[in-house]
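Listed below, chain by chain, are the residues.
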Amino acid sequence: MYKIDEEKFKEKYYLLIPAMLDDHFPLLKYAFYSEDYHPVILENTKGIKEVGLRFVNNDMCYPAILNIGQMIGALESGKYDYKKTVLMMPQAGDMCRGSNYISLLRKALRESGIDVRVLSLNVKGLEDGMKVNIHIYMVWRAIVSVIYGDLLMLICNQTRPYERNKGETEKLRKEWTEKISDDLKKGKNLSLAAVWKNVYEICASFRKILRSEVQKKKVGITGELYIKYCSIGNSDLIKTLENENCECFVSGLLWYILYYLETHLSSEGKIKKYAFKTFYSFILGIQKKLIKILRENNYCSMDSYDEYKESALKYIEKGCSVGDGWLMGADIVAFSKSGYTKIIGAQPFGCMVNQVCGKGMYAALSRKLGNVTIASVDFDPGASHLNIINRIMMILAS
């Protein structure tokens, strides 16, 4: 396995990656280190919306505006040598407009006069010759990072609102993130046996945090992938809700990965289809083990993907699998079963899947489930924080 040395980067290209997954990218970035690339998860946030709107029409998906604004903003800062920098943009490869972000980014670079290569991260065979080469060690580091990312996200969201000593949860998360990062860099303790041992230890360490018995309002958050997971895109939604005496639940990334494997890769050629099916079974096994450990330690988790899907299909159809598609409805059914009955559908303006499929399910699910209140909250370049707060307060007061 490639050994990572973060100090040796001068001979490499900087691989700039837009911030997308707050709880996962601090670890996932280690999956992209190679002999050629030194990955950087961008942290610049000031003015990126305005930069994005210089190059992307405001009726385009809000994540495109933010991602492109963040990348162009980073390049215009003067921090990076264009000749030693490349940009990476993920592509789902379906009919979602997110698959066109990469062409929008290249257009923005041309218009800004910046000559920098753009690479695509995808498993659909897109952008042949201009995509990130994926090696087996990268895949394994990514799997381990997602396990830990989901674990820390789920535990912290269920611990932080109740901690007696403020800041203790985040301090412990930082300590574990540093320890896991060190393992990922050195390529050690990455076997499944070592990972599960760490998972048990992480659960035990967070259970030692003193908790208050104050009752919190339980809020589930579903919606478009970027807006759901990225505080830049959702105006720090979880922090806002926690300030309003809430405990938040966001589904783990493993659920999305299994959904993507089933819905987006099942139509590939015979050999690829078999490989993806095998990978699906492997990831499902990992997910079930993680759920078992979480529940043994009295943490809430949604059911494994196969059970989660089976429960959801009693209330929704699988007709829409573009983007996040029916996954949003499945989240709502799972939240209802777990006691998170106040639900926010967080969607970006310009996302047709969320605006049509997502919103189209909310009223029907409210009627069928009976015990949930669902509010859709739109995030777009013109949305004020006050409007977002008003929507949130409406659901909390219901």
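The structure under discussion appears in the preceding block.
Residues numbered from 1 in each chain as written. Predicted model: local features only at pLDDT ≥ 70, side-chain atom pairs only at ≥ 80, totals over all residues. Heavy atoms only, no water.

So, the environment of Y256
Right, on to step 1. Tracing the backbone through its elements, the reader meets Y256 in helix α10 (residues 253–264).
Right, on to step 2. Distance in space between the C-alpha atoms of Y256 and Y305 is 9.1 Å, their sequence separation being 49 residues.
Right, on to step 3. For Y256, the residues in contact, after removing those within four places along its chain, are L225, D324 and L327. (Helix = DSSP H or I, 4+ residues; strand = E, 2+ residues; numbered from the N terminus. Contact = heavy atoms within 4.5 Å.)

Notes on the sheet that holds strand β7 (residues 342–348)
Right, on to step 1. Taking strand neighbours across the sheet as the criterion, the 4 strands line up as β6-β5-β7-β8 in an open arrangement whose pairing is parallel. Each edge of the open sheet carries a strand with a single partner, namely β6 (246–250) and β8 (373–379). Across the sheet, the mean angle separating the axes of adjacent strands is 30° when strand polarity is ignored.
Right, on to step 2. Inspection of the sheet shows strand β5 (residues 217–223) paired to β6 by 5 bridges, in the parallel sense. (Pairing = 2+ DSSP bridges. Axes fitted to C-alpha atoms, helices over the stretch in contact; angles between N-to-C directions.)

Side note on the pairing of β6
Right, on to step 1. Within β6, 5 of the 5 residues are buried, which leaves it mostly tucked inside the rest of the structure.
Right, on to step 2. Residues C246, C248 and V250 line one face of β6 and the alternating positions E247 and F249 line the opposite face, and both faces are buried. (Buried < 20%, exposed > 50% of the residue type's maximum accessible area, 1.4 Å probe, protein only.)

Topic: the environment of N122
Right, on to step 1. For N122, the position within the fold is in the loop between β4 (117–121) and α5 (136–159).
Right, on to step 2. Separated by 265 residues in the primary sequence, N122 and N387 have C-alpha atoms spaced 36 Å apart.
Right, on to step 3. Among all residues touching N122, those that are not within four sequence positions of it are Q91, K131 and I134.

Considerations on helix α11 (residues 270–296)
Right, on to step 1. A rise of 1.5 Å per residue sets the reference length of α11, with its 27 residues, at 39 Å; its end C-alpha atoms lie 39 Å apart and thus fit the reference within 8%.
Right, on to step 2. Contacts from the buried residues of α11 go to α5, α7 (192–207), α10 and α12 (305–312).
Right, on to step 3. Once α11 finishes, N298 follows within two positions and takes phi at roughly 65°, a positive value. (Expected span 1.5 Å × (residues − 1).)

Concerning the sheet that holds strand β3 (residues 85–90)
Right, on to step 1. Taken in spatial order, the 4 strands make up an open sheet running β2-β1-β3-β4, and their pairing is parallel. On the outer flanks of this sheet lie β2 (37–41) and β4, each paired with one strand and no other. In this sheet, neighbouring strand axes are inclined to one another by 30° on average, regardless of whether the strands run parallel or antiparallel.
Right, on to step 2. Note: β3 against β4, 5 bridges, orientation parallel. Bridge assignment links P90 to a residue of β4, and that residue is L121.
Right, on to step 3. Contacts from helix α3 (residues 62–76) reach β1 (13–17) and β3, with the element oriented near 175° to β3.
Right, on to step 4. Its contacts with the sheet place helix α4 (residues 101–112) against β3 and β4, and it is angled at close to 170° to β4.

Description of the side chain of S376
Right, on to step 1. In this fold, S376 is placed in strand β8.
Right, on to step 2. S376 sits in the buried class, given a relative accessible area of 18%.
Right, on to step 3. Those residues in contact with S376 that lie beyond four places of it in its chain are G345, Q347, K359, Y362 and R391.

Section: the packing of α10 against α12
Right, on to step 1. Following both chains from N to C, one finds α10 and α12 inclined at 75°, their axes separated by 10 Å at the closest point. Considered as vectors, α10 and α12 are oriented roughly perpendicular to each other. Between α10 and α12, the contacting residues are W255, L258, Y259 and E262 on the first element and Y305, Y308 and K309 on the second.
Right, on to step 2. Residue composition of the contact of α10 with α12, grouped by class: 5 nonpolar, no polar and 2 charged. (Parallel < 35°, antiparallel > 145°, perpendicular 65-115°, else oblique. Nonpolar A, V, L, I, M, F, W, Y, C, P; charged D, E, K, R; others polar.)

A look at the nonpolar core
Among soluble globular proteins, nonpolar side chains are generally buried collectively.
Right, on to step 1. Of all hydrophobic cores here, the largest spans 138 residues; its most connected members are L87, V199, I202, F206, L241 and I344.
Right, on to step 2. Broken down by element, this core gets its largest block of residues, 13 residues, from α5.
Right, on to step 3. Sequence-distant contacts of I202, defined by excluding residues within four places in its chain, comprise Y148, L151, L152, I155, W176 and I180. (Core = buried A, V, L, I, M, F, W, Y, C linked by side-chain atoms within 4.5 Å.)

Details of the pattern of salt bridges
Right, on to step 1. One pass over the full model with this rule turns up 18 salt bridges.
Right, on to step 2. Of the charged contacts in the structure, one is a salt bridge between E170 and R173, with a shortest N-O distance of 3.1 Å. Placement of both E170 and R173 in helix α6 (residues 168–186) is noted, with a separation of 3 residues, approximately one turn of the helix.
Right, on to step 3. E170 sits in the partly exposed class, given a relative accessible area of 32%. (Salt bridge = Lys/Arg side-chain N within 4 Å of Asp/Glu carboxyl O.)

Observations concerning the packing of aromatic side chains
Right, on to step 1. The tally for this structure, following the rule as stated, stands at 12 aromatic pairs.
Right, on to step 2. Look at Y256 and Y259: their rings are 6.0 Å apart centre to centre, the planes differ by 45°, and that puts the pair in the tilted class. Placement of both Y256 and Y259 in helix α10 is noted, with a separation of 3 residues, approximately one turn of the helix. Summarising the burial analysis for this pair, Y256 and Y259 share the class buried.
Right, on to step 3. Each ring, one from Y259 and one from W326, has its centre 5.2 Å from the other, and the planes form 80°; the classification is edge-to-face. Of this pair, Y259 sits in helix α10 while W326 sits in the loop between α12 and α13 (327–338), and the two are 67 residues apart along the sequence. Neither residue differs from the other here; Y259 and W326 are each classed as buried.
Right, on to step 4. One aromatic cluster in this structure is built from Y256, Y259, Y260, Y280, Y305, Y308 and W326.
Right, on to step 5. The ring of Y13 carries the charged tip of K84 above its face, separated from the ring centre by 4.8 Å. (Phe/Tyr/Trp six-rings, centres within 6.5 Å; stacked < 30°, edge-to-face > 60°. Lys NZ or Arg CZ within 6 Å of the ring centre and 35° of its normal.)

Some words on unusual backbone geometry
Right, on to step 1. A positive phi angle is found at S235, which is not glycine, with a value near 55°.
Right, on to step 2. Along the chain, S235 falls in the loop between α8 (225–229) and α9 (237–243).
Right, on to step 3. Positive phi values are uncommon outside glycine, yet N298 reaches one of about 65°.
Right, on to step 4. Inspection of the secondary structure puts N298 in the loop between α11 and α12.
Right, on to step 5. Residue class for N298 comes out exposed when judged on its relative accessible area of 65%.

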